[in-house]
Amino acid sequence: INQEIGNRVNTAINLINLGDVNTHLGHYTAAETYYQQSLALNREIGNKDSIAFCLNGLGIVAVKLDNLVAAQDYYQQALTIWHEIGGKDGTAISLNGLGLVASRQGAYPAAETYYQQALTLYREMEAKSDMVGVLAELAALRYHQRHIALLPTLREALTLSLEVGAPPVILHLLSTAARALAREGKAADAAHLAGLIEVHPATPAEIRQDTLAALKSDLEKQLPAAVLAVYLAEGSALDLVETAQAQLARLGTP
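Described below are features of the structure shown in this document. (Residues numbered from 1 in each chain as written. Predicted model: local features only at pLDDT ≥ 70, side-chain atom pairs only at ≥ 80, totals over all residues. Heavy atoms only, no water.)

### Some details on the overall build of the chain
Then, number 1: From N to C terminus, the chain includes 13 helices and zero strands.
Then, number 2: Its helices and strands in sequence order give the chain the pattern α-α-α-α-α-α-α-α-α-α-α-α-α, from N to C terminus.
Then, number 3: Relative to the compact-globule value of 18 Å for 254 residues, the chain shows a C-alpha radius of gyration of 20 Å, a close match.
Then, number 4: Expressed along its principal axes, the backbone C-alpha trace of the chain runs to roughly 70 × 35 × 30 Å.
Then, number 5: Relative to its full complement of 254 residues, the chain shows a buried share of 45%. (Helix = DSSP H or I, 4+ residues; strand = E, 2+ residues; numbered from the N terminus. Rg over C-alpha atoms; globule rule 2.2 N^0.38 Å. Buried < 20%, exposed > 50% of the residue type's maximum accessible area, 1.4 Å probe, protein only.)

Spelled out as structure tokens, the structure:
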């Protein structure tokens, strides 16, 4: 019996790993299948922490598939389990996921609360790579809110992302900074950033499809097409780290 249970535990773990790999590769439907299979096994076994990990994985996939209602349910189920059994890392993942869902739904005050709670946990764990991801989402949220703390959030996030070396997060942050610049009427500076973001291979797909598209739409209202094309071309030749450092200098010191 113990051998049978052990095999089921190992199978469940392997299925989670396959879900994680397929999520990373962008094979979201396959990832969902693996997570669901692991979830079913872990529920039979009664392994609560693995159940919560599966639910977090399903939440991530549901967001990628734009199924926000399902994502919210998965993350909330996971959070309930984490509150029962403990586990800062899993709790932070659930909270960050709930923040992302709330932000996508336009529930900005709720998103702010979830992100702050996740950030607090990551700070306690000194998990810098995870912190920068939450800070990038928080900065984007605060752009939409016209929040007074947008610039300090961008400053902290850029500082930390340069420290840990996270090009996708840096590009996410630069896209938020560019939208803020465009809103301030600094179209040339914003267009240079847009040019860099558009061509850089590390730009996340959702930033390229959503944020960059919105940014270019903003810029098209401020600049003649020929001028915008020149600025975008100039931006495409910029170095990512040097550009991020320049933006950080522009933001000043706390």
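### Considering helix α3 (residues 48–64)
Then, number 1: For α3, built from 17 residues, the straight-helix expectation of 24 Å at 1.5 Å per residue is met to within 8% by its first-to-last C-alpha distance of 25 Å.
Then, number 2: In terms of burial, α3 is a largely internal element, 12 of the 17 residues being buried.
Then, number 3: Every buried residue of α3 is listed here: S50, I51, A52, C54, L55, N56, G57, L58, G59, V61, A62 and V63. (Expected span 1.5 Å × (residues − 1).)

### Thoughts on the nonpolar core
Then, number 1: Of all hydrophobic cores here, the largest spans 76 residues; its most connected members are L173, L215 and L219.
Then, number 2: No other element matches helix α9 (residues 167–183), which puts 10 residues into this core.
Then, number 3: Leaving out residues up to four positions away in the same chain, L215 has contacts with A178, R179, A182, A190 and A194. (Core = buried A, V, L, I, M, F, W, Y, C linked by side-chain atoms within 4.5 Å. Contact = heavy atoms within 4.5 Å.)

### Things to note about the side chain of T91
Then, number 1: Its location among the elements puts T91 in helix α5 (residues 88–104).
Then, number 2: On the accessibility criterion, T91 (8% relative accessible area) is buried.
Then, number 3: A polar contact of 2.7 Å, which involves the side chain of T91, links it to the backbone oxygen of G87.
Then, number 4: Setting aside residues no more than four positions away along its own chain, T91 makes contact with L79, W82, H83 and L121. (Polar contact = N/O pair within 3.5 Å; in protein donor to acceptor, adjacent residues only side chain to side chain.)

### Comments concerning helix α7 (residues 128–145)
Then, number 1: In a regular helix each residue adds 1.5 Å, so 18 residues correspond to 26 Å; α7 covers 25 Å between its end C-alpha atoms and thus fits that length.
Then, number 2: Those residues of α7 that fall on the buried side of the exposure criterion are M131, V132, V134, L135, A136, L138, A139, A140, L141, R142 and Y143.
Then, number 3: In this structure, the buried side of α7 is in contact with α5, α6 (108–125), α8 (150–164), α9 and α11 (205–220).
Then, number 4: Looking at the residues trailing α7, positive phi occurs at R146, about 55°.

### Some details on the side chain of S103
Then, number 1: For S103, the position within the fold is in helix α5.
Then, number 2: Given a relative accessible area of 18%, S103 falls into the buried group.

### Quick look at the environment of A213
Then, number 1: Its place among the elements puts A213 in helix α11.
Then, number 2: Classification of A213 as partly exposed rests on a relative accessible area of 42%.

All we've got here are geometric facts, nothing functional implied.
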